[in-house]
Amino acid sequence: QVQVVESGGGLVQPGGSLRLSCAASGNIFSIYTMGWYRQAPGKQRELVADITSGGNTNYADSVKGRFTISRDNAKNTVSLQMNSLKPEDTAVYYCKADVAIRNFAGVVNGYWGQGTQVTVSS
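Everything numeric here is computed off the predicted structure, so don't read it as measured data.

1. Some thoughts on the pattern of salt bridges
Under the defined criterion, the tally for this structure stands at five salt bridges. Between aspartate 89 and arginine 38 there is a salt bridge; the shortest N-O distance is 2.9 Å. Residue aspartate 89 is found in the loop between strand S8 (77-82) and strand S9 (91-101), and its partner arginine 38 is found in strand S4 (residues 28-39); the two are separated by 51 residues along the sequence. Note on arginine 38: relative accessible area 6%, which makes it buried. For the salt bridge of aspartate 98 with lysine 96, the shortest nitrogen-to-oxygen distance reads 2.8 Å. Each of the salt bridges in this network shares a partner with another, and the network as a whole consists of Arg38, Glu46, Arg66 and Asp89.

Set out below in C-alpha cells:
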C-alpha cells in the first residue's frame, strides 16, 4: 500500500557531494517523521538524519555540518544533501517514512525503501 523509493546514490571522490532523494507514494493519509539511515559492511544500521512533518531535524554527530535533510510535504519527498563526503560515509542508505494509511488513522508504521549505494573512494 505504501512504496518508498530512493535515488541519487553513486560513486564520489572524498570531499565531493551527492544528493539523495526519496519519494513515498500509495494509500497515504499522513506522513510523520521521514529519515535517512545507513548501513556499512559489518556494521549496524544507524540513523543519519530525520525530519518531522513540522520541519524539526535530527542529525548523527558524525554528519553534523556536512549533511542537510529537507522535505516537501506536498510531494511526500525527503532529500539528503551530502557535502564533504568521507570514505567512512560509504554505506547503503535507506529512507524510512512513518506513515498513517488512509482510513486507518491512528496506526503509524515505518516503511523502508530498497536502499541506494553510496561509495566514497578515490
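2. With respect to the state of the cysteines
According to the stated counting rule, one finds one disulfide in the structure shown. The residue that forms a disulfide with cysteine 22 is cysteine 95, at a sulfur-sulfur distance of 2.1 Å. Taking the sign of the S-S torsion, about -80 degrees here, the bridge from cysteine 22 to cysteine 95 comes out left-handed. Within this pair, whereas cysteine 22 is found in strand S3 (residues 18-26), its partner cysteine 95 is found in strand S9, the two being separated by 73 residues in sequence. What makes cysteine 22 buried here is its relative accessible area of 2%. Judged by its relative accessible area of 0%, cysteine 95 is buried.

3. Overview of the environment of serine 17
With respect to the element layout, serine 17 can be found in the loop between strand S2 (10-12) and S3. Owing to a relative accessible area of 40%, serine 17 belongs among the partly exposed residues under this scheme.

4. Overview of the sheet that holds S3
With antiparallel pairing, the four strands of this open sheet are ordered in space as S1-S3-S8-S7. Unpaired on one side and paired on the other, strand S1 (2-7) and strand S7 (67-72) mark the two borders of the sheet. On average, each strand axis in the sheet is inclined to that of its neighbour by 15 degrees, with strand direction left out of account. Pairing between S3 and S8: six bridges, direction antiparallel. Opposite serine 21, over in S8, you have serine 79 as the bridge partner.

Procedures and definitions
- Residues numbered from 1 in each chain as written.
- Predicted model: local features only at pLDDT ≥ 70, side-chain atom pairs only at ≥ 80, totals over all residues.
- Heavy atoms only, no water.
- Salt bridge = Lys/Arg side-chain N within 4 Å of Asp/Glu carboxyl O.
- Helix = DSSP H or I, 4+ residues; strand = E, 2+ residues; numbered from the N terminus.
- Buried < 20%, exposed > 50% of the residue type's maximum accessible area, 1.4 Å probe, protein only.
- Disulfide = S-S within 2.5 Å.
- Pairing = 2+ DSSP bridges.
- Axes fitted to C-alpha atoms, helices over the stretch in contact; angles between N-to-C directions.

Just geometry here; none of it tells us what the structure is for.
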